[in-house]
Amino acid sequence: MDVLIAEDDLTTQVILQTLVTAWGYRPVVTSDGREAWEVLQQPDAPKLLLLDWEMPGFSGLELCKKLAEQADENPPYIILLTSHAETDRIVEGLASGAHDFIGKPFDKAELQARLSVGRRMLEMQRKLIDAQQQLAYEATHDALTHLLNRRAVLKALQALVSKSMSEHSCMSVALVDIDHFKRINDSYGHPMGDEVLIRVAETMQTCLSADDSLGRFGGEEFLVAIDSDPDGAARLMEELRTKIAEIPFCLADQTVNVTVSAGIASLSGDDSLRLDDLLAAADRALYQAKADGRNQVVLAETDLPLL
Ligand SMILES: Nc1nc2c(ncn2[C@@H]2O[C@H](COP(=O)(O)OP(=O)(O)OP(=O)(O)O)[C@@H](O)[C@H]2O)c(=O)[nH]1
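Nothing here was measured: the structure is a model prediction, and the numbers come from that model. (Residues numbered from 1 in each chain as written. Predicted model: local features only at pLDDT ≥ 70, side-chain atom pairs only at ≥ 80, totals over all residues. Heavy atoms only, no water.)

1. With respect to the UniProt feature "domain: Response regulatory" (unreviewed entry) in the protein chain
Turning to step 1, where the next piece is worked out: When the UniProt feature table is mapped to this numbering, "domain: Response regulatory" (unreviewed entry) covers residues 2–119.
Turning to step 2, where the next piece is worked out: Segment residues 2–119 splits into 45% helix and 21% strand. End C-alpha atoms: 10 Å apart. (UniProt positions renumbered as here; feature names shortened; annotations may be inferred. Helix = DSSP H or I, 4+ residues; strand = E, 2+ residues; numbered from the N terminus.)

Now the structure itself:
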């Protein structure tokens, strides 16, 4: 683990550097507060900090305050070093964002122990952040296809509708459904059906741009929020439909031919439309695509009910 040493006294600096190296840390040494601040702005900056209170540039206390203002979700662990370790100073340091304090001249064993506490706290903080990120991912993604789940893709769709209204631009939504998916399950088994869902999701993803959002809307149905007018959305969905129909899905030594049907509804920036109405229009277009023989894209009629 990297340890930032910010210390202007050369002798103390060398002692600290030698000690932390002997204890298995990688020292990053700076001689004033401003240099330390610059190091701390780097993407992989050290998280365990030994800051001298009295330094040119920024003092250790000023650095604590500046770091607290940054409100980093993974903040560094700060140990302040000072030759004036009176209670009111300790209180001021801790109140400014320091986590620990050590008086100079320091006891080596005590410093090593305090660094160990810092390392443990940082490891705990990392685990907590990782767990939070994992939970956030699971709450917004479908476990099978790893696409956005229904709630998350609807949120993305709502955001695109709001953007379209505020910018008076066009947007579209497509509902894409795998044709005769029940037959695939019945003929090849449920695990193969799952594999088809994953492959269709992957293929769809390759056709879309970063401005579009793709999610699993239900069993074998997907929703695409498309930052484009009806013509652009229809071209995109046609490309996607053709790609899926043309690629033979080779799964477990078997070739499965898969096709999809899609229904598209669009919003021109001047419409004032409820999300439910837009989705209902896309669903009607999808129903039409199924009724007309499947493996096709249908654009909804534009006479959508207004608010
Ligand atoms: N393998 C697998 N099957 C699923 C999953 N979710 C839903 N299904 C199946 O998807 C099938 C959907 O069948 P239907 O709604 O009848 O539609 P379809 O057979 O695709 O027919 P059309 O949509 O009319 O072309 C059902 O058999 C569901 O059990 C899943 O996560 N994995």
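2. Some points on the domain arrangement of the protein chain
Turning to step 1, where the next piece is worked out: One can read the domain layout of the protein chain as domain 1 (2–140) and domain 2 (150–299).
Turning to step 2, where the next piece is worked out: On a C-alpha basis, the centroid separation for the pair domain 1 and domain 2 is 50 Å. (Domains from an automatic or database assignment.)

3. Brief notes about the sheet that holds strand β1 (residues 2–6)
Turning to step 1, where the next piece is worked out: Strand order in the open sheet formed by five strands is β2-β1-β3-β4-β5, with parallel pairing between adjacent strands. The sheet is open, and its two borders are formed by β2 (26–30) and β5 (100–103), each paired with just one other strand. In this sheet, adjacent strand axes meet at a mean angle of 20° when their direction is disregarded.
Turning to step 2, where the next piece is worked out: Pairing between strand β3 (residues 48–52) and strand β4 (residues 77–82): five bridges, direction parallel. Looking at the pairing, Leu48 lines up with Tyr77 of β4.
Turning to step 3, where the next piece is worked out: Its contacts with the sheet place helix α1 (residues 10–22) against β1, β2, β3 and β4, and it is angled at close to 165° to β2.
Turning to step 4, where the next piece is worked out: Most of the contacts of helix α4 (residues 87–95) go to β5, to which it runs at about 145°, and overall it touches β4 and β5. (Pairing = 2+ DSSP bridges. Axes fitted to C-alpha atoms, helices over the stretch in contact; angles between N-to-C directions. Contact = heavy atoms within 4.5 Å.)

4. Section: the site of the ligand
Turning to step 1, where the next piece is worked out: Taken together, 16 residues lie around the ligand, and His180, Phe181, Asp194, Arg216 and Arg294 are the ones closest in.
Turning to step 2, where the next piece is worked out: Separating an oxygen atom of the ligand from a backbone N or O atom of Phe181 is a distance of 2.7 Å.
Turning to step 3, where the next piece is worked out: One of the side-chain N or O atoms of Lys290 is found 2.9 Å from an oxygen atom in the ligand.
Turning to step 4, where the next piece is worked out: Elements that contribute at least two residues to the shell around the ligand include exactly β6 (171–178), α7 (181–188) and α8 (190–207).
Turning to step 5, where the next piece is worked out: Per element, the largest residue contribution to the shell around the ligand is four residues, and it comes from α8. (Near = heavy atom within 4 Å. Polar contact = N/O pair within 3.5 Å; in protein donor to acceptor, adjacent residues only side chain to side chain.)

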